[in-house]
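What follows is the residue order along each chain.
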Amino acid sequence: MQMFIDGQKCDARNGKVIQVLNSATQEVLDTVPRATEADIERAIEAALQGKKLWAQTPVHERCRLMLKCADAIDGRREELARGLSTEMGKIIREARGEIRVCAQIMRGFAQAATQHFGQTLTDYQIGNENDIIFTRHEPLGVVACISPFNYPVELCTQKMAAALAAGNAVIIKPATDNPLTLMKVVEICLEQGIPGNVLQLVTGSGSEIGGLLSGSPKIDAISLTGSTEVGLEVAQKGAQTLKRVFLELGGNDPFIVLDDADLELAVENAVAGRLQNAGQTCCSPKRFLVHNSLHDEFIDGVMRRFEKLHHGSPLDEETDFGCLISEKAAKTVRQQVEKTVAQGAKCICGGNIYNKTYFEPTILDGVTMEMDAARDMEIFGPVFPVLTFKTDEEAVRIANATSYGLQGGVMTRSMKRAMWVASRLQCGGVVINSSGNYRHLQQPFGGYKMSGLGREGVSVTLDEMTQQKSYILKGILA
């Protein structure tokens, strides 16, 4: 496939390409251009014209086009879902859900933009009683959206749709491993009338393109979902031009099972939350904090759930469990498991790669606070590190002993205990009686500490993607 720059499909200036593989079979699906610095500069220059055009386009017209895009995406849901499942190994049922959510996000931001009001200030200040002051939301300009591999369509749409609805021009940099479905979504949007200099997409090396976009003084904002390491680099480069930077980064989210929890419900939600997308979800539970009185039953329950999983092709309707994005990702998870075992944990099931990119559901028992997995080592795969605690206070201390703070889950029959724990967890969201693997489209989603900056969601992102201007009518009432 080709990039979309200034309304045209194009290759890289030097003709270089990157292969895109079927994650499950490792077969070559297609190639995409490896953009050069000249390609990126061309896209930026086009966006500078696009931002003027789009900012002058009335809200009702922007929203009409976005609603057309949503309908067109819905109309091709099965095609897009099968493409997504093929290129990243996400099981087909989850892929359909992601495409459906993509269209819903487009509609949500289009509708929210029609209600994104400014303010009229009061005559509170003595001496200014005859002034009228009102505010308007104005676009930032050019927004670069850098999206991850794990939810390549949904998470990019969170950024793209908000930026477009707010009147910004957008340059998308998709994940290198699986850009194809997102490229088709952008093509659909262009076909529905979004101007070619308003919505563009460039492909290639993440480190190269991300650096060019975040360092350019012509880019007004960067919205990134990715690793904390990459987020720090983007933030540092973006700070040199004081551009806005929105970061949704890593997590090592706790799943806390108190001693009065419904154990069957806890097991069900632990497995569902961790194994969704083969464990490749930022807010999935990655540390399982279980009261010591429930430890044995919890592990037995999880292992029984493992036995019921149907393994197979991601395109098979019966498959419950897909593969990791790449061989490299699978090897990284295996190294993290081996490191945790070397530090004293016990691998009581799983721990192996099969078919190159699949990783067995794995339980690591006896994890303690001295081990990396208990603190800052985010394992992006189907691994269950289990820690135990005796009191609610101890559970909170363990949960907070990390540099991350994305989301968390608390299992208990007592709402009083649930709220006590939730109020003390240092994270952006807490789900009571389920795992933290939860995201409502209107929820202000984001984390504390090293899990990111800013919030994403229909209820908040339009504010992030605009700036307020005050209009002062001095002495107008005199």
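Now for a look at the structure at hand. (Residues numbered from 1 in each chain as written. Predicted model: local features only at pLDDT ≥ 70, side-chain atom pairs only at ≥ 80, totals over all residues. Heavy atoms only, no water.)

Non-glycine residue L242 carries a positive phi angle of around 55°. Note that L242 resides in the loop between α8 (228-239) and β10 (244-248). Since its relative accessible area comes to 76%, L242 is described here as exposed. For N355, which is not glycine, the phi dihedral falls at a positive 50°. (Helix = DSSP H or I, 4+ residues; strand = E, 2+ residues; numbered from the N terminus. Buried < 20%, exposed > 50% of the residue type's maximum accessible area, 1.4 Å probe, protein only.)

Using the criterion set out here, one finds three cavities of 30 Å³ or more in the structure. In this structure, the largest cavity occupies an estimated 90 Å³ of space. Lining the largest cavity are 16 residues, and of these F246, L247, L453, R455 and E456 lie nearest its centre. Secondary-structure elements contributing two or more residues to the lining of the largest cavity are β9 (221-225), β10 and α14 (461-464). (1 Å grid on protein atoms, 1.4 Å probe; cavity = no way out; pocket = protein on both sides within 12 Å on 5 of 7 lines; lining within 4 Å. Points joined across faces, edges and corners; volume = space filled by probe spheres on them.)

Another point: helix α7 (residues 206-215). Those residues of α7 that sit buried are I209, G210, G211, L213 and S214. Of the surrounding elements, those touching the buried residues of α7 are α1 (37-55), β6 (142-146), β7 (169-173), β9 and α8. (Contact = heavy atoms within 4.5 Å.)

This brings us to the sheet that holds strand β12 (residues 285-291). Taken in spatial order, the seven strands of this open sheet run β13-β16-β17-β12-β11-β18-β19, and their pairing is mixed. Each edge of the open sheet carries a strand with a single partner, namely β13 (346-349) and β19 (429-432). Put simply, the sheet's adjacent strands are angled 25° from each other on average, direction ignored. Both strand β16 (residues 362-365) and strand β17 (residues 383-389) contribute to a ladder of three bridges, which runs parallel. (Pairing = 2+ DSSP bridges. Axes fitted to C-alpha atoms, helices over the stretch in contact; angles between N-to-C directions.)

The next point concerns the layout of surface pockets. One number sums up the size of the largest pocket: a volume of about 1400 Å³. In terms of lining, the largest pocket is formed by 49 residues, of which the most central are F149, D177, G226, S227 and V230. Of all the secondary structure elements, the ones that give two or more residues to the lining of the largest pocket are β3 (17-21), α7, β9, α8 and α11 (327-342). At six residues, α8 tops the list of elements feeding residues into the lining of the largest pocket. By volume, the second largest pocket is sized at about 410 Å³. Considering the residues around the second largest pocket, the lining is formed by 21 residues, among which V101, Y151, E154, Q276 and R439 are closest to the centre. Elements with a minimum of two residues in the lining of the second largest pocket: α4 (92-113) and α5 (154-165). By residue number, the principal contributor to the lining of the second largest pocket is α4, which donates six residues.

Any link to function would need more than the numbers given here.
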